[in-house]
Amino acid sequence: TGRTPVVHWGGNSYFTDDERGDAFGTFLEPLAALSLNDLAEEVDSIYPPKWSRDKLAENGLNVWDGAVSRLSGLYLLNRPEHLVVTYFFTQVVELPPWLPPDHWLQGADAM
């Protein structure tokens, strides 16, 4: 998708007791040199629309109920917004059918 992955495991993570912290950084190196604060300052459009700059660190925002809840990562692939937010894991084996025909991984075996 040409996006920069920024991972944040917030206060509702099984791996932290810190309500405001990021458990991902406790165990793994960051995937990008960006934080949620950086994103909040830099982006001008976010999808799904339940998210906004001031809600990026919020835990459990309409994850299971309400508009645009329970969205698979597949719904986020071709979004025009600068930032897409997901709470759900998408397996690599689910993605190849959705790659554009000219993508360098088209036809690759995901296993």
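In short, a report on the structure. (Residues numbered from 1 in each chain as written. Predicted model: local features only at pLDDT ≥ 70, side-chain atom pairs only at ≥ 80, totals over all residues. Heavy atoms only, no water.)

Here's the deal with the layout of surface pockets
No. 1: A volume near 420 Å³ is recorded for the second largest pocket.
No. 2: Along the walls of the second largest pocket sit 24 residues, with His 8, Asp 22, Ser 35, Leu 36 and Asn 37 positioned nearest its centre.
No. 3: Those elements that place two or more of their residues in the lining of the second largest pocket are helix H1 (24–27) and helix H2 (36–42). (1 Å grid on protein atoms, 1.4 Å probe; cavity = no way out; pocket = protein on both sides within 12 Å on 5 of 7 lines; lining within 4 Å. Points joined across faces, edges and corners; volume = space filled by probe spheres on them. Helix = DSSP H or I, 4+ residues; strand = E, 2+ residues; numbered from the N terminus.)

Digging into the nonpolar core
No. 1: Formed by Leu 36, Leu 39, Ala 40, Val 43, Ile 46, Trp 51, Leu 56, Leu 61, Leu 83 and Val 85, the largest nonpolar core amounts to 10 residues.
No. 2: Contacts of Val 85, omitting those with residues within four sequence positions, involve Ile 46, Tyr 47, Pro 48, Trp 51, Leu 56 and Leu 76. (Core = buried A, V, L, I, M, F, W, Y, C linked by side-chain atoms within 4.5 Å. Buried < 20%, exposed > 50% of the residue type's maximum accessible area, 1.4 Å probe, protein only. Contact = heavy atoms within 4.5 Å.)

Looking at the packing of aromatic side chains
No. 1: If you walk through the whole model with that rule in mind, you get 3 aromatic pairs.
No. 2: Judged by centre distance (6.0 Å) and plane angle (15°), the ring pair of Trp 51 and Tyr 87 falls under stacked. On the criterion of sequence distance, the pair formed by Trp 51 in the loop between strand S1 (46–47) and strand S2 (83–84) and Tyr 87 in the segment after S2 is long-range, its members being 36 residues apart.
No. 3: Accessibility expressed as a relative area gives 33% for Tyr 87, which makes it partly exposed.
No. 4: With 5.3 Å between their ring centres and 80° between their planes, Trp 64 and Phe 88 make a pair best called edge-to-face. Placement of the pair is Trp 64 in the loop between S1 and S2 and Phe 88 in the segment after S2, with a sequence separation of 24 residues.
No. 5: Looking at Trp 64, the relative accessible area reads 56%, which means it is exposed. (Phe/Tyr/Trp six-rings, centres within 6.5 Å; stacked < 30°, edge-to-face > 60°.)

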